[in-house]
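Chain and residue survey
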Amino acid sequence: MLGKRKRVVLTIKDKLDIIKKLEEGMSFKKLSVVYGIGESTVRDIKKNKERIINYANSSDPTSGVSKRKSMKSSTYEELDRVMIEWFNQQKTDGIPVSGTICAKQAKFFFDALGMEGDFNASSGWLTRFKQRHGIPKAAGKGTKLKGDETAASEFCGSFQEFVERENLQPEQIYGADQTGLFWKCLPSRTLTLETEQSTSGCRSSRERIIIMCCANATGLHKLNLCVVGKAKKPRAFKGTDLSNLPVTYYSQKGAWIEQSVFRQWFEKYFVPQVQKHLKSKGLLEKAVLLLDFPPAHPNEEMLSSDDGRIIVKYLPPNVTSLIQPMSQGVLATVKRYYRAGLLQKYMDEGIDPKIFWKNLTVLDAIYEVSRAWSMVKSSTITKAWKKLFPGNEENSGMNIDEGAILAANLATVLQNTEECEHVDIETIDQWFDSRSNDSSCQVLADSESAEDQTKAAEQKPSSKSRKTELNPEKHISHKAALEWTENLLDYLEQQDDMLLSDKLVLRRLRTIIRKKQKIQNNKNH
């Protein structure tokens with residue numbers, strides 16, 4: 001009699017190899033002999049093919065998969081998925097992540113996602129989290145993860161060879177990258193608030209959207225921003241046709257853009273817009289999109305135009321901080337312009353900061369960040385590609401720091417604004433560059449006094465008063481003008497043939513009316 005077959009536990013890498021060999025035509029029987037397993041095990045692997053591949057793609061690509069044997073999921077799968085995406089992003093950006101920081105972030109995400117259960121970010125949870133995703137022990141240390149300069153240099157060389165071989169012009173080479181934007185970020189060190197005296201009056205901003213910037217190496221073709229929020233259709237979008245927004249909007253619960261969303265954006269927006277642009281330039285409709293190494297993006301083979309002329313290339317792991325074009329100052333410049341725009345809008349309206357931030361909606365943020373993206377100069381984008389295209393650097397113009405100029409201009413304006421005389425360039429610059437969880441970025445807590453709620457109610461009339469004000473006899477009040485303006489904005493959002501410039505003009509008029517209303521209210525009191 002044959003002896004009992006020794007039990008073999010395959011690694012995830014072994015299972016991926018078996019899947020590949022099955023696709024190449026190797027039989028179940030032959031594979032069972034090679035790996036010392038039963039034919040039924042091989043069939044089970046084929047049955048779970050999609051799950052195995054998805055798990056491998058979500059794991060740290062530099063380690064773990066070759067040794068990991070189990071795909072046991074976390075009790076809180078959504079939290080686990082958000083955490084690994086966050087961890088990979090921190091690692092890519094070269095940000096130190098210790099075990100303590102990881103545990104605190106997990107607790108933050110658990111609360112922010114509104115999850116139910118008794119979650120404890122203990123050392124045991126941290127160990128299991130690292131095991132599930134093949135995170136080496138060194139990654140838990142507080143040492144900063146540096147970019148891989150060798151890998152970056154090798155990729156630059158091979159990419160330049162690829163460009164020459166394919167005869168691609170800078171106009172045909174695109175880059176895209178994403179970042180989180182805490183759109184309701186209040187500069188507590190800049191504006192004077194009564195509630196700043198008490199820490200209970202303010203809390204760190206947690207209202208975030210994901211923005212993805214995409215442009216070609218010349219900086220002359222900037223695609224509309226891709227924006228991802230949690231809500232499928234936020235309350236502020238009421239009456240708004242999503243196709244008329246100045247951005248491409250998606251919804252998802254995850255921390256970063258998921259595979260399905262990215263693939264939809266690539267196929268429905270990126271490919272058609274690139275083809276249209278290249279055609280207008282008289283160039284062959286052929287292009288390459290440079291992206292960070294996944295975890296959240298699909299495989300390269302899954303991303304290409306129908307004719308195969310528009311493709312994707314991924315950067316190797318741990319080189320984003322060194323050569324990813326959008327991470328060489330482009331995303332940071334967008335955020336600076338966004339925050340500067342918010343501050344300018346606040347000063348223009350001249351209303352109480354609490355009311356200003358309370359009335360600020362995600363729709364306002366989308367228009368503001370779209371405006372910020374449009375203000376980024378082509379020279380700024382061109383300079384971001386200099387490590388991949390050293391020859392282009394001489395044509396990128398003077399090396400001017402847009403952010404420094406912006407900070408200086410804003411500081412000058414604020415120093416002549418009531419209650420902001422103490423502001424200097426350093427304060428503004430610090431706010432521009434502050435991270436999302438920095439104490440310098442705060443918004444009002446949800447609990448407000450009855451007096452604050454009354455003031456807010458005065459700014460937003462009821463539907464009954466709206467109907468009355470829309471039919472004035474002679475004198476038109478600021479209140480009525482504001483209502484009409486908001487109604488007209490709602491109308492424009494529903495039309496598919498209105499220009500962004502028209503909407504921005506109307507939004508500017510709304511700001512002026514709000515300021516006039518505030519001045520009149522001060523006189524009456």
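Residues numbered from 1 in each chain as written. Predicted model: local features only at pLDDT ≥ 70, side-chain atom pairs only at ≥ 80, totals over all residues. Heavy atoms only, no water.

1. Side note on the overall build of the protein chain
Across its full length, the protein chain carries 20 helices and nine strands. Looking at the protein chain as a whole, 46% of its 525 residues qualify as buried. When contacts within the protein chain are restricted to residue pairs at least 6 apart in sequence, long-range pairs at least 24 apart make up 72% of them. Within the structure as shown, the protein chain displays about 27,900 Å² of accessible surface, and the carbon and sulfur contribution to it stands at 49%. (Helix = DSSP H or I, 4+ residues; strand = E, 2+ residues; numbered from the N terminus. Buried < 20%, exposed > 50% of the residue type's maximum accessible area, 1.4 Å probe, protein only. Contact = heavy atoms within 4.5 Å. Areas by Shrake-Rupley, 256 points an atom, 1.4 Å probe, with all protein chains shown as cover.)

2. Some thoughts on the environment of Ala236
By the element assignment, Ala236 lies in the loop between β5 (226–229) and β6 (248–251). Taking the relative accessible area as the measure of exposure, Ala236 reaches 27% and is therefore partly exposed. Ala236 sits 126 residues away from Val362 along the chain, and the two C-alpha atoms are 6.6 Å apart. The residues touching Ala236, leaving out its near neighbours within four places in the chain, are Thr361, Val362 and Leu363.

3. Points about the UniProt feature "DNA-binding region" (unreviewed entry) in the protein chain
If you check UniProt for "DNA-binding region" (unreviewed entry), the listed places come out as residues 28–48 in our numbering. Along residues 28–48, the helical share is 81% and the strand share 0%, with 15 Å between the first and last C-alpha atoms. (UniProt positions renumbered as here; feature names shortened; annotations may be inferred.)

4. Some details on the pattern of salt bridges
Inspection of the entire model under this criterion finds eight salt bridges. Between Glu23 and Lys49 there is a salt bridge; the shortest N-O distance is 2.7 Å. Remark: Lys49 occurs in helix α4 (residues 49–58) and Glu23 occurs in helix α1 (residues 12–23); sequence separation between them is 26 residues. Residue classification places Lys49 among the partly exposed residues on the basis of a relative accessible area of 32%. A salt bridge links Arg263 to Glu267; the shortest N-O distance between them is 3.1 Å. Of this pair, Arg263 and Glu267 are both found in helix α9 (residues 259–280), four residues apart, which corresponds to roughly one turn of the helix. A network of salt bridges, in which partner residues are shared, links Asp364, Arg507 and Arg510. (Salt bridge = Lys/Arg side-chain N within 4 Å of Asp/Glu carboxyl O.)

5. Here's the deal with the side chain of Gln178
Tracing the chain through its elements places Gln178 in strand β1 (residues 173–182). At 2.9 Å, the side chain of Gln178 and the backbone nitrogen of Ile257 are in polar contact. (Polar contact = N/O pair within 3.5 Å; in protein donor to acceptor, adjacent residues only side chain to side chain.)

6. Considering the environment of Asn299
Residue placement: Asn299 occurs in the loop between β7 (287–291) and β8 (310–314). With a relative accessible area of 30%, Asn299 lands in the partly exposed category. Distance from Asn299 to Gln259, taken between C-alpha atoms, is 9.3 Å for residues 40 residues apart in sequence.

7. A few points about the sheet that holds β6
Strand pairing in a sheet is mediated by backbone hydrogen bonds. Such pairs are either parallel or antiparallel. On the basis of which strands lie adjacent, the open sheet formed by six strands has the order β6-β5-β4-β1-β7-β8 and mixed pairing. Of all strands in the sheet, those bounded by a partner on one side alone are β6 and β8. Pairwise comparison of adjacent strand axes, ignoring direction, gives a mean angle of 25° for this sheet. As judged from the three bridges shared by strand β4 (residues 208–216) and β5, these two strands associate in the antiparallel manner. By the bridge assignment, Ile211 is partnered in β5 with Val227. Where α9 meets the sheet, it contacts β1, β4, β5, β6, β7 and β8, and its direction lies at approximately 140° from that of β7. (Pairing = 2+ DSSP bridges. Axes fitted to C-alpha atoms, helices over the stretch in contact; angles between N-to-C directions.)

8. Quick look at the confidence of the model for the protein chain
Here the protein chain averages 75 in pLDDT, and 69% of its residues register 70 or above. Between the elements of the protein chain, mean pLDDT differs from a low of 39, seen in strand β9 (residues 441–444), to a high of 94, seen in β7. In this model residues 188–204 is a low-confidence stretch, pLDDT under 50, and it forms 48 contacts with partners more than four residues away in sequence or in other chains. Within the model, pLDDT remains below 50 along residues 434–473, and this stretch shows 66 contacts once partners closer than five positions in the same chain are excluded. (pLDDT = per-residue confidence, 0-100.)

9. Here we look at the packing of helix α11 (residues 330–349) against helix α13 (residues 362–375)
Running from N to C, α11 and α13 point in directions that differ by 125°, and their axes come no closer than 8 Å. Of the possible angle classes, the one that applies to α11 and α13 is oblique. Once α11 is placed against α13, the crossing between them reads as right-handed. Of the residues in α13, those in contact with Val330, Val334, Tyr337, Tyr338, Gly341, Leu342 and Lys345 of α11 are Ala365, Glu368, Val369, Arg371, Ala372, Trp373 and Met375. A class-by-class count of the residues in the contact of α11 with α13 yields 10 nonpolar, one polar and three charged. (Parallel < 35°, antiparallel > 145°, perpendicular 65-115°, else oblique. Left-handed = near helix turned anticlockwise from the far one by under 90°. Nonpolar A, V, L, I, M, F, W, Y, C, P; charged D, E, K, R; others polar.)

10. What to know about the packing of aromatic side chains
With the rule as written, the count across this model stands at 11 aromatic pairs. Where Phe119 meets Trp125, the ring centres are 5.7 Å apart and the plane angle is 90°; that geometry is what we call edge-to-face. What makes Phe119 buried here is its relative accessible area of 8%. Relative accessible area serves as the criterion here: at 7%, Trp125 is assigned to the buried category. Each ring, one from Phe155 and one from Phe159, has its centre 5.7 Å from the other, and the planes form 15°; the classification is stacked. Remark: Phe159 and Phe155 occur in helix α8 (residues 149–166); sequence separation between them is four residues, near one turn of the helix. Overall, Phe159 belongs to the buried group, its relative accessible area being 1%. Connected via pairs of aromatic rings, a cluster forms that spans Tyr174, Phe262, Trp265, Phe266 and Phe270. One cation-aromatic arrangement involves Arg43 over Phe28; the distance from NZ or CZ to the ring centre is 4.2 Å. The ring of Phe162 has Lys313 sitting right over it, with the charged end atom 4.6 Å from the ring centre. (Phe/Tyr/Trp six-rings, centres within 6.5 Å; stacked < 30°, edge-to-face > 60°. Lys NZ or Arg CZ within 6 Å of the ring centre and 35° of its normal.)

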